[in-house]
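Descriptive structure summary
Residues per chain are reported as follows:
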Amino acid sequence: RTNQFKKQTTSQTYLISGKQWETHRRALNPAFHMNILNSFTHVIAQHGEELVEKLAATECKAIEISDYLFACILDTIIETSMGKELNSLRDPNNRYAHDFHKTSELLFKRMTNPLLGWDFIFKRTNMYREMSASLAVIHQLMTSVVDARIEALKQQQALQIELPSSDALVEGIRKQRRTLLDTLLTTQIDGEQLTRSDICDEVNTFVFAGVDTTTAAMCFVLYSLGKYPLEQQKLLVEIREVVHGELTTEAVNSLTYLDMFLKEVLRFYTVVPLTGRQTTEETVIGGRRYCAGITLWINLYGLAHDERYFDEPHEFRPLRFAQTQSERLPPYVYIPFSGGPHICIGRKYALLIMKIITVQILRKFEVKLRDPAEKLVLQAQMVLKALQGFNLIFLPRLEADTMAA
């Protein structure tokens, strides 16, 4: 899916070669070092607090949570990957957020229509014109931020001092931490820096894929909190015992039951239900021979609900991921972030966002379903979604409970 996005967001249609992917992956790895991810905790928590304020303003009324989470996570990922404040959660009419949504919707429609896979036909449709207009807005934002940071790095090099911030260059860019963009701008491959086009493509792809999947995952996390109140209570008890005062990476990573709960959510509601791999040479799998250039689809949802590997797979049981039980799982059975060399590079980053936001919400609210009897109808699009959305109620906890948390 990310390759499809790259093909749509550049001026030319292309396929990423294995060599190109490998070199770019090496360039990106340092951006996801734990020391860098840990430096994002404060920023993630700030956006989480903004989300909490929005939920408090609903005054216990039932809401569909998807758009709230989308805006919060979009703001978080844009700022931590690029250093840019987007403020889409505070601004419901934010143009970038709107066009991001629109691009995702149109991409899915194109991917599921074989006729539109042919550029000759697609470029003659209204869909193509709509997508081009939305992508122009996305490109404009990305280009302005990349150019501002390039200029800041040039000034830093010329003055031979470390710039404390790029605030003076572009309004809305906070004091700089090490971001994905910084890594791409300063990385060299075989003695050469990435091109400006390569940098924009990588940032676009990371933001697009990260926002979509993390938002879907958090929707299912909050739905599960309302669906399984006993699990919610267990998590609250753990949070009260472990987290005191300001959130830290160390504290949230010490929440062992929360970790098991998130793993079970990602198994039970397989956010990316299907993934593909293309053979680069003749390959034998399960006794069948495939020639080079064949795309093989892996049913991740089926694996995650296969009773050969998971006891009572259609029951929601976080304790199945207790250490002694999870160690018995065969390799590549539980792969919510894919597996092998192409495993999701941002998996730890996504989990950190999910943990922090979950803790912040649970400390302030009891999460309930609008209608506990309502059946959740799943729908596979770019990611797994609910046909009727996620309709939840957020009841403020008593002041004594909040202080105790």
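Residues numbered from 1 in each chain as written. Predicted model: local features only at pLDDT ≥ 70, side-chain atom pairs only at ≥ 80, totals over all residues. Heavy atoms only, no water.

Check the secondary structure of the chain and you find 17 helices and 11 strands. For the chain, with 405 residues in total, the buried portion stands at 48%. Restricting the contact set of the chain to residue pairs at least 6 apart, pairs at least 24 apart contribute 71%. Only carbon and sulfur atoms are counted for the fraction: they give 52% of the accessible area of the chain, which is about 20,600 Å². (Helix = DSSP H or I, 4+ residues; strand = E, 2+ residues; numbered from the N terminus. Buried < 20%, exposed > 50% of the residue type's maximum accessible area, 1.4 Å probe, protein only. Contact = heavy atoms within 4.5 Å. Areas by Shrake-Rupley, 256 points an atom, 1.4 Å probe, with all protein chains shown as cover.)

It is worth spelling out the packing of helix α11 (residues 229-242) against helix α13 (residues 256-268) at this point. The contact between α11 and α13 brings their axes to 8 Å, and the two run at 145 degrees. Residues E231, K234, L235 and E238 of α11 lie in contact with α13, whose contacting residues are T256, Y257, L258 and F261. Partitioning the contact of α11 with α13 into residue classes produces 4 nonpolar, 1 polar and 3 charged. (Axes fitted to C-alpha atoms, helices over the stretch in contact; angles between N-to-C directions. Nonpolar A, V, L, I, M, F, W, Y, C, P; charged D, E, K, R; others polar.)

A few words now on the packing of aromatic side chains. Across all of its chains, the model carries 18 aromatic pairs by this definition. Seen in terms of ring centroids, F220 and Y269 are 4.7 Å apart; in terms of plane orientation they differ by 15 degrees. Their pairing is stacked. Here Y269 lies in the loop between α13 and β4 (274-278) and F220 lies in helix α10 (residues 196-227), a separation of 49 residues in the sequence. Owing to a relative accessible area of 5%, Y269 belongs among the buried residues under this scheme. Aromatic pair F261 and F316: ring centres 5.6 Å apart, planes at 70 degrees, arrangement edge-to-face. Taken together, the positions of F261 in helix α13 and F316 in the loop between α14 (300-304) and α15 (323-326) put the pair 55 residues apart, joining distant regions of the chain. The same class applies to F261 and to F316, which are both buried. Through pairs of rings, three or more aromatic residues link up here, namely F220, Y223, Y228, F261, F268, Y269, F316 and F390. (Phe/Tyr/Trp six-rings, centres within 6.5 Å; stacked < 30°, edge-to-face > 60°.)

Right, let's talk about the sheet that holds strand β11 (residues 391-396) for a bit. A sheet is described by the order of its strands in space; here 3 strands give the open sequence β1-β11-β8, paired in antiparallel fashion. This sheet does not close on itself; its edge strands, each paired only once, are β1 (63-64) and β8 (365-369). Taken together, the 5 bridges between β8 and β11 define a ladder with antiparallel strand orientation. For L369, the partnering residue across the bridge sits in β11 and is L392. (Pairing = 2+ DSSP bridges.)

Turning next to the side chain of S81. Tracing the chain through its elements places S81 in helix α5 (residues 66-82). Classification of S81 as buried rests on a relative accessible area of 1%. Only 2.6 Å separates the side chain of S81 from the backbone oxygen of I77, close enough to count as a polar contact. (Polar contact = N/O pair within 3.5 Å; in protein donor to acceptor, adjacent residues only side chain to side chain.)

Helix length check: α10 (32 residues) gives 46 Å between terminal C-alpha atoms against 46 Å at 1.5 Å per residue, within 8%. Taken across its 32 residues, α10 has 28 buried, putting it largely inside the fold. (Expected span 1.5 Å × (residues − 1).)

Averaged over every residue, the pLDDT of the chain is 85; the share at 70 or more is 89%. Taken as a whole, residues 162-176 scores under 50 in pLDDT and shows 39 contacts with residues more than four places along the chain or in a different chain. (pLDDT = per-residue confidence, 0-100.)

Right, let's get into the nonpolar core. Nonpolar side chains in soluble globular proteins generally cluster together in the buried interior. Ranked by size, the top nonpolar core spans 108 residues in total, and within it I65, L74, Y96, V207, L222, I361 and F394 carry the most contacts. For this core, the element with the most residues is α10, which contributes 16 residues. Contacts of L222, omitting those with residues within four sequence positions, involve I65, L69, I361, V367, L392 and F394. (Core = buried A, V, L, I, M, F, W, Y, C linked by side-chain atoms within 4.5 Å.)

For the rest of this paragraph, the subject is α5. Compared with an ideal rise of 1.5 Å per residue, which puts 17 residues at 24 Å, α5 spans 23 Å between its outermost C-alpha atoms and is within 8% of the ideal. Judged by how many residues are buried, α5 sits mostly within the fold: 15 of 17 residues are covered.

On to the environment of R397. Within the secondary structure, R397 is located in the loop between β11 and α17 (399-404). As for R397 and F365, which are separated by 32 residues in sequence, their C-alpha atoms are 5.2 Å apart. Polar contacts involving the side chain of R397 include one to the main-chain carbonyl oxygen of L362, which spans 2.6 Å. Of note is the side chain of R397, whose polar atom sits 2.9 Å from the backbone oxygen of F365.

Of note, E59 is a non-glycine position whose phi angle comes to about 55 degrees, a positive value. Look at Y332: it is not a glycine, yet its phi comes out positive at around 65 degrees. Mapped onto the elements, Y332 comes out in the loop between α15 and α16 (347-364).

This paragraph deals with the pattern of salt bridges. Applying the stated criterion to the full structure yields 17 salt bridges. Residues E282 and R289 are paired through a salt bridge, measuring 2.9 Å at the closest nitrogen-oxygen approach. This pair shows no difference in class: E282 is exposed, exactly as R289 is. A salt bridge links E312 to R317; the shortest N-O distance between them is 3.0 Å. By relative accessible area, which is 51% here, E312 ends up exposed. Take R317: its relative accessible area is 27%, and that puts it in the partly exposed class. Bridged by salt links that share partners, the residues D259, K263 and K355 form one connected network. (Salt bridge = Lys/Arg side-chain N within 4 Å of Asp/Glu carboxyl O.)

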